[in-house]
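# Descriptive analysis of the structure
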Amino acid sequence: MLFTITAIIIAGLVLLEWMRPEKKMHQLTFYISSGLIFILVAFNRMNADYKGYLGSYTNNNPQNEIGYNLLVRLLNGLGLPFESILLLMGILVFLVFYFYSSKQHASLAALAYLIYPLALDLPQVRNLFMYMIALLTLYLIRDRNRVALAGGFALSATFHYFGLLYLPFAWLVKAERKQFYQRLALIFAIISVGTLVARFLPDRMPELIASEISEFDWFYYAIQVIHVALDVALIWWVDQHSRGKNELKNQENTMQELMYRFSWYSIIEIPLVAFSNEMYRFRRNAQLIKYIYSANAIKSMTRRDRWVTLGLLTANLLFVAYMLRVTGDWDLYADLSHNVFNVFSQD
């Protein structure tokens with residue numbers, strides 16, 4: 001129930017922003033929409049992995065990554081309950097909205113994130129910490145120091161080893177547009193070759209790597225490719241229709257450009273997901289930035305281009321919603337209503 005009410009409120013804010021361009025109005029709607037997302041994350045009290053992480057927090061499970069373990073020990077040492085982890089998660093998500101969003105049409109990004117992938121992010125605590133730290137690192141360092149940027153990505157990997165996949169992105173931030181595409185293509189090719197080797201020579205792989213290789217499923221793989229194609233279509237359209245005629249083609253020093261590149265970087269999921277089904281989260285982790293990037297750009301578009309952008313974003317979300325229904329993952333959205341502030345509970 002809380003999820004439904006929140007979605008209706010934020011959808012109303014999106015409509016209000018669409019009709020009323022006043023800057024003060026956008027500031028207000030930003031704080032309301034991002035504040036609601038914060039509440040859903042920070043004050044959640046049950047999800048698919050809640051009990052597992054609660055037990056891990058209580059017992060200080062040494063099998064988790066070192067960064068997450070150190071955080072748990074710190075909070076335990078301060079006598080804080082497991083709920084403090086969720087509060088920190090909510091703060092990190094809010095900070096990403098606050099730093100990246102232009103505050104105009106931010107409710108659109110919040111609504112899209114609410115639809116997908118918030119319900120999947122919520123139970124995966126370590127993954128959420130990891131990619132929020134990666135995004136905040138990108139915002140704070142940008143393209144000023146590639147070594148420091150890679151260091152921040154490495155720090156994110158201490159919460160989830162998946163963060164190591166962001167290290168090559170530090171090589172892409174300073175390149176001109178053409179060079180960026182060339183370097184991305186090279187990374188894509190290297191990962192593709194590595195995936196093929198891993199799939200056909202599993203008996204020669206280290207046991208830890210061989211155990212991660214999933215059975216290949218053409219249907220699942222095709223779904224991931226379609227979603228990546230929808231992502232690329234949206235960010236390409238936004239890039240082509242949100243810049244003024246006199247604006248330079250290359251915008252390496254702007255946050256919009258970095259978000260554009262970060263969104264493009266998620267295409268390496270295509271070879272990665274052929275290795276392991278778990279790699280789908282790499283594309284999923286890029287969704288929030290893609291939404292904010294698109295929402296930020298709307299103010300620079302013509303009325304027609306705004307509607308096309310909204311249509312592409314809607315097509316993306318409808319496809320995801322349908323697949324969540326097919327896989328049964330839509331049930332995870334009920335977890336968003338297990339919240340301290342759910343006054344609509346029947347319990």
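Since the model is a prediction, treat every value here as computed from it, not as a measurement.

Along the protein, the regular secondary structure elements total 17 helices and zero strands. Its C-alpha radius of gyration of 20 Å places the protein within 12% of the 20 Å reference for a compact globule of 347 residues. Dimensions of the protein, computed from the C-alpha atoms along their principal axes, are close to 55 × 55 × 40 Å. Taken over 347 residues, the protein has a buried fraction of 53%. Of all intrachain contacts in the protein linking residues separated by at least 6 positions in sequence, the fraction that spans at least 24 positions is 79%. If you sum the accessible surface of the protein, you get close to 16,300 Å²; carbon and sulfur atoms cover 65% of it.

On to the layout of surface pockets. Quantified by volume, the second largest pocket comes out at close to 440 Å³. What lines the second largest pocket is a set of 22 residues, among which Leu 120, Tyr 280, Leu 324, Thr 327 and Asp 329 lie closest to the centre. Put simply, the parts of the chain that give the lining of the second largest pocket at least two residues each are helix H7 (118-121), helix H12 (218-241), helix H15 (280-284) and helix H17 (303-327). When residues in the lining of the second largest pocket are grouped by element, the largest group, six residues, is from H17. Its residues assigned to classes, the lining of the second largest pocket comprises 15 nonpolar, four polar and three charged.

Enumeration according to the criterion identifies one cavity of 30 Å³ or more in this entry. As a volume, the largest cavity reaches approximately 30 Å³. Looking at the largest cavity, the residues that line it are Arg 199, Ser 214, Glu 215, Phe 216, Asp 217, Tyr 220, Tyr 221, Val 273, Ala 274, Ser 276 and Asn 277. Looking at the lining of the largest cavity residue by residue, the class counts come to five nonpolar, three polar and three charged.

On to helix H13 (residues 255-265). For an α-helix the count is 3.6 residues per turn, leaving residues at separations of three or four pointing the same way. Counted residue by residue, H13 has 10 buried out of 11 residues, so it is predominantly covered. Turning to H13, its buried residues number three or more, namely Met 255, Glu 257, Leu 258, Met 259, Tyr 260, Arg 261, Phe 262, Ser 263, Trp 264 and Tyr 265. Buried residues along H13 sit in contact with helix H5 (83-100), helix H8 (125-141), helix H10 (177-200), H12, H15 and helix H16 (287-297).

Together, Val 193, Leu 196, Val 197, Phe 200 and Leu 201 line one region of the surface with nonpolar side chains, adding up to about 470 Å² of accessible area. Within the secondary structure, Leu 196 sits in helix H10.

Another point: the packing of H12 against H17. Each pair of packed helices can be described by the angle between their axes along with the distance between the axes. With their axes 10 Å apart at the nearest point, H12 and H17 run at an angle of 165° to one another. Here H17 runs roughly antiparallel to H12, going by the angle between their axes. Where H12 crosses over H17, the handedness of that crossing is left-handed. Residues Phe 219, Ile 223, Ile 226, His 227, Leu 230, Asp 231, Ala 233, Leu 234, Trp 237, Val 238 and His 241 of H12 lie in contact with H17, whose contacting residues are Arg 304, Asp 305, Val 308, Thr 309, Leu 312, Leu 313, Ala 315, Asn 316, Phe 319, Val 320 and Met 323. Residues that form the contact of H12 with H17 fall into these classes: 15 nonpolar, four polar and three charged.

Let's shift gears to unusual backbone geometry. With an omega of 15°, the peptide bond between Tyr 116 and Pro 117 qualifies as cis. Structurally, Pro 117 is set in the loop between helix H6 (106-115) and H7. Backbone geometry at Lys 103 places phi at a positive 75°, although glycine is not the residue there. Considering the arrangement of structural elements, one finds Lys 103 in the loop between H5 and H6. A positive phi angle is found at Arg 142, which is not glycine, with a value near 55°.

This next bit is on the packing of aromatic side chains. Counted under the stated rule, the structure contains 31 aromatic pairs. Pairing Phe 30 with Tyr 31 gives two aromatic rings, centres 5.0 Å apart and planes at 75°, and the pair type is edge-to-face. Judged by relative accessible area, Phe 30 falls into the buried class, the value being 0%. Assessed through its relative accessible area of 40%, Tyr 31 is described here as partly exposed. Ring geometry for Tyr 166 versus Phe 262: centroids 5.7 Å apart, planes at 10°, classification stacked. With Tyr 166 in the loop between helix H9 (146-157) and H10 and Phe 262 in helix H13, the pair connects residues that are 96 residues apart, well separated along the chain. For Tyr 166, a relative accessible area of 2% translates into the label buried. By relative accessible area, which is 4% here, Phe 262 ends up buried. These aromatic residues form a ring-pair network of at least three members: Phe 30, Tyr 31, Phe 94, Tyr 98, Phe 99, Tyr 100 and Tyr 139.

This brings us to the side chain of Thr 29. Structurally, Thr 29 is set in helix H2 (residues 23-42). A distance of 2.5 Å separates a polar atom in the side chain of Thr 29 from a polar atom in the side chain of Glu 17. Setting aside residues no more than four positions away along its own chain, Thr 29 makes contact with Leu 13, Leu 16, Glu 17 and Ser 107.

Thresholds, definitions, all that
- Residues numbered from 1 in each chain as written.
- Predicted model: local features only at pLDDT ≥ 70, side-chain atom pairs only at ≥ 80, totals over all residues.
- Heavy atoms only, no water.
- Helix = DSSP H or I, 4+ residues; strand = E, 2+ residues; numbered from the N terminus.
- Rg over C-alpha atoms; globule rule 2.2 N^0.38 Å.
- Buried < 20%, exposed > 50% of the residue type's maximum accessible area, 1.4 Å probe, protein only.
- Contact = heavy atoms within 4.5 Å.
- Areas by Shrake-Rupley, 256 points an atom, 1.4 Å probe, with all protein chains shown as cover.
- 1 Å grid on protein atoms, 1.4 Å probe; cavity = no way out; pocket = protein on both sides within 12 Å on 5 of 7 lines; lining within 4 Å.
- Points joined across faces, edges and corners; volume = space filled by probe spheres on them.
- Nonpolar A, V, L, I, M, F, W, Y, C, P; charged D, E, K, R; others polar.
- Patch = residues over 30% accessible without salt bridge, like charges linked within 9 Å, V, L, I, M, F, W, Y side chains within 5 Å.
- Salt bridge = Lys/Arg side-chain N within 4 Å of Asp/Glu carboxyl O.
- Axes fitted to C-alpha atoms, helices over the stretch in contact; angles between N-to-C directions.
- Parallel < 35°, antiparallel > 145°, perpendicular 65-115°, else oblique.
- Left-handed = near helix turned anticlockwise from the far one by under 90°.
- Phe/Tyr/Trp six-rings, centres within 6.5 Å; stacked < 30°, edge-to-face > 60°.
- Polar contact = N/O pair within 3.5 Å; in protein donor to acceptor, adjacent residues only side chain to side chain.

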